[in-house]
Amino acid sequence: MFWNVRRIFDKGVIIPRHFFAQQEEILAKFVLAEERDEETRRVSRVARLQAHPHYPARMPPPLFDATLIHASGGVWTVSGHERESVTSTTTRCTVQSWYMRPLSASEELELEERFKREMLARLPAHMRG
C-alpha cells in the first residue's frame, strides 16, 4: 500500500499550516519494524519510507522510536525522531511526525496510466501501436 506523506516539523519546529498545506506530498510505501539501534545499543521501532518504483523521490530520514499516534478516517500520524550527522562523532536528534494519507484506488490508477503514457511516449514512433 502506498501513502501520500507530509512532514509536520522542519528541524524540530512545527511547519505553519499554510506552508504545510503547500508542501509537496511524498509518494511512498510505509514500513515500521523493530531494529537493533547501534547508536543507542537497544532495540527501537523504526519507521521508514520506501520510494514508489515508478516515481522515485527523495525520502526523509527514518523515524526512530516511532509511534502511531493517530489513525482515523484513513489518515495516520506517526511520530518519532530523526537523526542528522553534525560531525563525524556528533549526531543531532530532532522531533518529527509524518502525516500520512493512503493513496486512493483512483489515484493509483491515475499514476499507472500516467506511467504507461510516459513509457509509450519514450518509444520510437514506429514502435507505438
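Relevant structure appears above.
Residues numbered from 1 in each chain as written. Predicted model: local features only at pLDDT ≥ 70, side-chain atom pairs only at ≥ 80, totals over all residues. Heavy atoms only, no water.

Asker: Could you give me a rundown of the sheet that holds strand β4 (residues 26–37), with the residues and numbers involved?
Answerer: Within the closed barrel, the six strands sit side by side as β1-β4-β5-β6-β7-β8. Their pairing is antiparallel. Here the strands of the sheet are splayed against their neighbours by 40° on average, with no regard to which way each runs. (Pairing = 2+ DSSP bridges. Helix = DSSP H or I, 4+ residues; strand = E, 2+ residues; numbered from the N terminus. Axes fitted to C-alpha atoms, helices over the stretch in contact; angles between N-to-C directions.)

Asker: Any details on the pairing of strand β5 (residues 42–51)? Residues and values, ideally.
Answerer: Bridge count between β4 and β5: ten bridges; the pairing is antiparallel. Bridge pairing in β5 places F30 opposite L49. Turn length for the β4-β5 hairpin, with the two strands adjacent in sequence and antiparallel, is four residues, and the turn residue R41 shows positive phi of about 55°. Taken together, the two bridges between β5 and strand β6 (residues 63–72) define a ladder with antiparallel strand orientation. Opposite A47, over in β6, you have L63 as the bridge partner.

Asker: Please set out unusual backbone geometry residue by residue, giving values where relevant.
Answerer: When glycine is set aside, most residues are seen to have a negative phi, and most peptide bonds are trans. For K11, which is not glycine, the phi torsion reads 55° and is therefore positive. With respect to the element layout, K11 can be found in the loop between β2 (9–10) and β3 (13–14). Overall, K11 belongs to the exposed group, its relative accessible area being 67%. Unlike most non-glycine residues, R41 shows phi in positive territory, near 55°. Note on placement: R41 falls in the loop between β4 and β5. (Buried < 20%, exposed > 50% of the residue type's maximum accessible area, 1.4 Å probe, protein only.)

Asker: Can you explain the pairing of strand β8 (residues 91–102)? Please cite residues and give values.
Answerer: Bridge count between strand β1 (residues 2–7) and β8: five bridges; the pairing is antiparallel. Within β8, the position partnered with V5 by the bridge is M100. Where strand β7 (residues 75–85) meets β8, ten bridges bridge the pair, whose relative direction is antiparallel. For S79, the partnering residue across the bridge sits in β8 and is S97.

Asker: Residue-level account of the pattern of salt bridges, with values.
Answerer: The full count for this structure, using the stated rule, is eleven salt bridges. The salt bridge involving R83 is made with D37; its shortest N-O contact spans 2.4 Å. Of this pair, R83 sits in strand β7 while D37 sits in strand β4; the two residues are 46 residues apart in sequence, bridging distant segments of the chain. (Salt bridge = Lys/Arg side-chain N within 4 Å of Asp/Glu carboxyl O.)

Asker: Could you give an account of the side chain of H81, with specific residues and numbers?
Answerer: Take H81: it is sitting in strand β7. Overall, the relative accessible area of 18% leaves H81 in the buried class. Ignoring any residue separated from it by four or fewer positions in sequence, one finds H81 in contact with P62, L63, F64, D65, C93, T94, V95 and Q96. (Contact = heavy atoms within 4.5 Å.)

Asker: If you had to explain the nonpolar core to someone new, which residues and values would you point to?
Answerer: Formed by W3, V5, I26, A28, F30, A47, L49, L63, A66, V78, W98 and M100, the largest nonpolar core amounts to twelve residues. Elements supplying a minimum of two residues to this core: β1, β4, β5, β6 and β8. If near-sequence neighbours (up to four positions away) are discounted, M100 is found in contact with W3, N4, V5, F30, G74, V75, W76 and V78. Among the nonpolar cores identified, the runner-up in size contains five residues, and F2, L27, Y55 and L103 belong to it. (Core = buried A, V, L, I, M, F, W, Y, C linked by side-chain atoms within 4.5 Å.)

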